[in-house]
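Structural features, examined
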Amino acid sequence: MKHIAESTVRRLSLYLRFLEEYEAQGHTTISSGELALSGGTTSAQVRKDLSFFGSFGKRGLGYGVRDLIDAISEILGLHRTWSVVIIGAGKIGAALAQYRGFTSRGFNVVGVYDNDPARIGKRLAELTVRPESDLERDIQRLKPQIALLCVPGEAAQPLVDRVTKAGVRAILNFAPASIQVPAGVRLRAVNMATELEILAFGLSHPEERAS
């Protein structure tokens, strides 16, 4: 497969959500123009995004909504279940542990961990917060592919080193720290301050449009 830009993957995710809403409204077909509205892009961009993965739809008839939902779900890896652990049971970690939307997308949270005795043993939805000392043993048993890191910045890198050595192959980092991962491990960072600064820039410069 060709290299797929992150912006393309982001648009596919937006298309999928729009398609699901469209189907819920009773629609069975959709045009590239209608789909473009969901991603803030053009019909040509929609067709280009989809062309990376095969041939979809028929000229003049558009796309079958259900067929495209199934195709994009498989492209995004949502046709299978991914096991997830959450490290850090503070406000962000606790909120993520109790978020019901993960399951519908195929993400199964199998463990929540913290090193604070006041949090260990606390119930979060169907899970009980476990001590961080159990991480390696539980990773061997539960085989999670993804870890959500919701800890203070200074604790982030040592925990990443531990979980990747134990077998986790993808990290979503909410910690306010720049971390390094071994080759073959996927890393995504969620920096809330940066996102707010981007919004502030947009409010301060309404004439500018982000690409």
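Heads up: the structure comes first, above all this text.
Residues numbered from 1 in each chain as written. Predicted model: local features only at pLDDT ≥ 70, side-chain atom pairs only at ≥ 80, totals over all residues. Heavy atoms only, no water.

Side note on the pairing of strand β3 (residues 82-87)
When you tally the buried positions in β3, you get 5 out of 6 residues, the bulk of the element. Relative to strand β4 (residues 107-114), β3 runs parallel, the two being bridged by 6 bridges. Note that in β4 the partner of Ile87 across the bridge is Tyr113. Sheet analysis places β3 next to strand β8 (residues 146-149), joined by 4 bridges and oriented parallel. Bridging from a neighbouring strand, Ile87 pairs with Leu149 of β8. (Buried < 20%, exposed > 50% of the residue type's maximum accessible area, 1.4 Å probe, protein only. Helix = DSSP H or I, 4+ residues; strand = E, 2+ residues; numbered from the N terminus. Pairing = 2+ DSSP bridges.)

A few points about the layout of surface pockets
Estimated volume of the largest pocket: approximately 1,800 Å³. Of all the secondary-structure elements, those providing two or more residues to the lining of the largest pocket are α1 (6-24), β3, α6 (101-104), β4, β8, β9 (170-173) and β10 (186-189). By residue number, the principal contributor to the lining of the largest pocket is α1, which donates 7 residues. Taken together, the residues that form the lining of the largest pocket break down as 22 nonpolar, 5 polar and 7 charged. (1 Å grid on protein atoms, 1.4 Å probe; cavity = no way out; pocket = protein on both sides within 12 Å on 5 of 7 lines; lining within 4 Å. Points joined across faces, edges and corners; volume = space filled by probe spheres on them. Nonpolar A, V, L, I, M, F, W, Y, C, P; charged D, E, K, R; others polar.)

Brief notes about the nonpolar core
The biggest cluster of nonpolar side chains holds 18 residues, and the ones touching the most others in it are Ile87, Leu135, Leu149, Val151, Val163 and Ile171. Secondary structure elements with two or more residues in this core: β3, α7 (135-142), β8 and α8 (153-166). It is α8 that provides the largest number of residues to this core, a total of 5 residues. Apart from residues no more than four positions distant in its own chain, Leu135 is found in contact with Ile87, Tyr113, Leu159, Arg162 and Val163. By size, the runner-up hydrophobic cluster in this structure holds 17 residues, among which are Val84, Val112, Val129 and Cys150. (Core = buried A, V, L, I, M, F, W, Y, C linked by side-chain atoms within 4.5 Å. Contact = heavy atoms within 4.5 Å.)

Describing the side chain of Arg11
Residue placement: Arg11 occurs in helix α1. The exposure class of Arg11 is buried, given its relative accessible area of 15%. Within the structure, the side chain of Arg11 is placed 2.8 Å from the side chain of Asp49, a separation counted as a polar contact. Every residue in contact with Arg11, bar those within four places of it in the chain, is listed here: Thr41, Gln45 and Asp49. (Polar contact = N/O pair within 3.5 Å; in protein donor to acceptor, adjacent residues only side chain to side chain.)

Considerations on the packing of helix α2 (residues 32-39) against helix α3 (residues 43-51)
Running from N to C, α2 and α3 cross one another at 90 degrees; their axes reach a closest spacing of 8 Å. The orientation of α2 with respect to α3, classified from their angle, is roughly perpendicular. Contact residues: Ser32, Gly33, Leu35 and Ala36 in α2; Ser43, Val46 and Arg47 in α3. Per-class residue counts for the contact of α2 with α3 are 3 nonpolar, 3 polar and 1 charged. (Axes fitted to C-alpha atoms, helices over the stretch in contact; angles between N-to-C directions. Parallel < 35°, antiparallel > 145°, perpendicular 65-115°, else oblique.)

Some thoughts on the packing of aromatic side chains
Across all of its chains, the model carries 3 aromatic pairs by this definition. Aromatic side chains Phe18 and Tyr22 sit 5.6 Å apart centroid to centroid with 20 degrees between the ring planes, which places their arrangement in the stacked category. You can see Phe18 and its partner Tyr22 sitting in helix α1, 4 residues apart, about one turn around the helix. Aromatic pair Phe52 and Phe53: ring centres 6.4 Å apart, planes at 75 degrees, arrangement edge-to-face. Overall, Phe52 belongs to the partly exposed group, its relative accessible area being 27%. (Phe/Tyr/Trp six-rings, centres within 6.5 Å; stacked < 30°, edge-to-face > 60°.)

Quick word on the environment of Thr41
Relative to the elements of secondary structure, Thr41 occurs in the loop between α2 and α3. Spatially, the C-alpha atoms of Thr41 and Glu126 are 40 Å apart, while their sequence positions differ by 85 residues.

Observations regarding the pattern of salt bridges
Throughout the structure, instances matching the rule amount to 13 salt bridges. With a closest N to O distance of 3.1 Å, Asp134 and Arg130 form a salt bridge. Judged by relative accessible area, Asp134 falls into the buried class, the value being 12%. Residue Arg130 is classed as partly exposed on the basis of its relative accessible area, which comes to 27%. One salt-bridge network, in which partners are shared between bridges, spans Arg130, Asp134, Arg137, Asp138 and Arg141. (Salt bridge = Lys/Arg side-chain N within 4 Å of Asp/Glu carboxyl O.)

None of this, on its own, says anything about what the molecule does.
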